Amino acid sequence: MALLPAWAPVRCVLFDLDGTLIDSAPDLALAADAMRTARGMPSLPLEVYRPHASSGARGMLATAFGIRPDAPDYQALREEFLGHYARRLLHCTQAFEGVAALLATLQARGVPWGVVTNKARRFTEPLVAGLPLLQGAAVVISGDSTPHTKPHPEPVLAALRLAGVEAHASLYVGDDERDIAAGRAAGVRTVAAGYGYLGAQANPHAWGADVVIGQPGELLKLLDPA
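Anyway, here's the lowdown on the structure attached to this text. (Residues numbered from 1 in each chain as written. Predicted model: local features only at pLDDT ≥ 70, side-chain atom pairs only at ≥ 80, totals over all residues. Heavy atoms only, no water.)

1. A short note on the side chain of T20
Point 1. Assignment of secondary structure puts T20 in the loop between β1 (12–15) and β2 (22–23).
Point 2. Overall, the relative accessible area of 1% leaves T20 in the buried class.
Point 3. A distance of 3.2 Å separates a polar side-chain atom of T20 from the backbone nitrogen of D175.
Point 4. Not counting chain neighbours up to four residues away, the residues in contact with T20 comprise F15, F96, V99, V173, G174, D175, A193 and Y195. (Helix = DSSP H or I, 4+ residues; strand = E, 2+ residues; numbered from the N terminus. Buried < 20%, exposed > 50% of the residue type's maximum accessible area, 1.4 Å probe, protein only. Polar contact = N/O pair within 3.5 Å; in protein donor to acceptor, adjacent residues only side chain to side chain. Contact = heavy atoms within 4.5 Å.)

2. Some remarks on the sheet that holds strand β6 (residues 170–174)
Each strand in a sheet pairs with another by means of backbone hydrogen bonds, the pair being arranged parallel or else antiparallel.
Point 1. With parallel pairing, 6 strands are arranged side by side in an open sheet as β5-β4-β1-β6-β7-β8. Only two strands of the sheet have a single neighbouring strand rather than two, namely β5 (139–141) and β8 (211–213). For this sheet, the mean inter-axis angle between neighbouring strands, taken without regard to orientation, is 20°.
Point 2. Sitting on the sheet, helix α5 (residues 99–108) is in contact with β1 and β4 (113–116), with an inclination near 155° to β1.
Point 3. Along the sheet, helix α7 (residues 154–163) contacts β1, β4, β5 and β6; its crossing angle with β5, the most-contacted strand, is approximately 160°. (Pairing = 2+ DSSP bridges. Axes fitted to C-alpha atoms, helices over the stretch in contact; angles between N-to-C directions.)

3. Looking at helix α4 (residues 74–86)
Each full turn of the α-helix corresponds to 3.6 residues, which orients residues three or four apart in the same direction.
Point 1. Along its 13 residues, α4 runs 18 Å from first to last C-alpha, staying within 8% of the 18 Å computed at 1.5 Å per residue.
Point 2. All of the buried residues along α4 are Y74, L77, F81, L82, G83, H84 and Y85.
Point 3. For α4, the elements touching its buried residues are α1 (25–38), α3 (56–65) and α6 (121–130). (Expected span 1.5 Å × (residues − 1).)

4. What to know about the packing of α4 against α6
Point 1. Contact geometry of α4 with α6 gives a least axis separation of 11 Å together with a crossing angle of 10°. Looking at the two axes, α4 sits roughly parallel to α6. Residues L82, Y85 and A86 of α4 pack against R122, F123 and L127 of α6.
Point 2. Per-class residue counts for the contact of α4 with α6 are 5 nonpolar, no polar and 1 charged. (Parallel < 35°, antiparallel > 145°, perpendicular 65-115°, else oblique. Nonpolar A, V, L, I, M, F, W, Y, C, P; charged D, E, K, R; others polar.)

5. Quick word on the pairing of β6
The two faces of the sheet receive side chains in turn, since in a regular strand these alternate between them.
Point 1. Across the 5 residues of β6, 5 count as buried, placing the element largely inside the fold.
Point 2. With burial as the criterion, each face of β6 is covered, one bearing S170, Y172 and G174 and the other bearing L171 and V173.
Point 3. Bridge analysis of β1 against β6 gives 4 bridges, and the strand direction is parallel. Bridge pairing in β6 places L14 opposite Y172.
Point 4. Relative to strand β7 (residues 189–193), β6 runs parallel, the two sharing 4 bridges. Across the sheet, residue Y172 finds its bridge partner in β7, namely T190.
Point 5. The handedness of the β6 to β7 crossover, carried by helix α8 (residues 177–186), is right-handed. (Right-handed = clockwise from strand over helix to strand, strands pointing away.)

Spelled out as structure tokens, the structure:
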């Protein structure tokens, strides 16, 4: 992990959700795989789906069926996938190791934290309600909470407004290049999560983040620079 530059005290930490705080890849994969097997296609292992989980329906359908969003039947498949996923949101989903301790430490220090995700509210709200460790979030911005989704900066800016903090005193942590682009455009300091769903071709060091971390607990070192 690279050493931090001389930063002002961190007064708010914002996180992406899937692949950063929680591992929802098994439930996303099961939703897509159920569609494959219903069509008589062989099941695919979780390891095939996992690198694409951060892309949500688009990534899961591309993996399961090799289909692109501009295909004529994509929208119908997408709605079918979302229906499958809604029924299994919390079957296997859990926080990544170290996340619970990280969030508990932030709360103990009085540092508000929140979630900024491209996941639609119909999925985000049940996940937050069903995972106790997420219920301490000071703010939750879903993919349809604002007119734009990441990499546009508006979701991050909306979270800052609701949290009542300034960009220069905040961090945004995410496991996708879109997260880093959104954070940089919003003027917050950015941290790339070098774990989660990164595929073999992903290089978080090339995203332009201020820092790359290899596990959630490393974020605390950023809050206590030597």
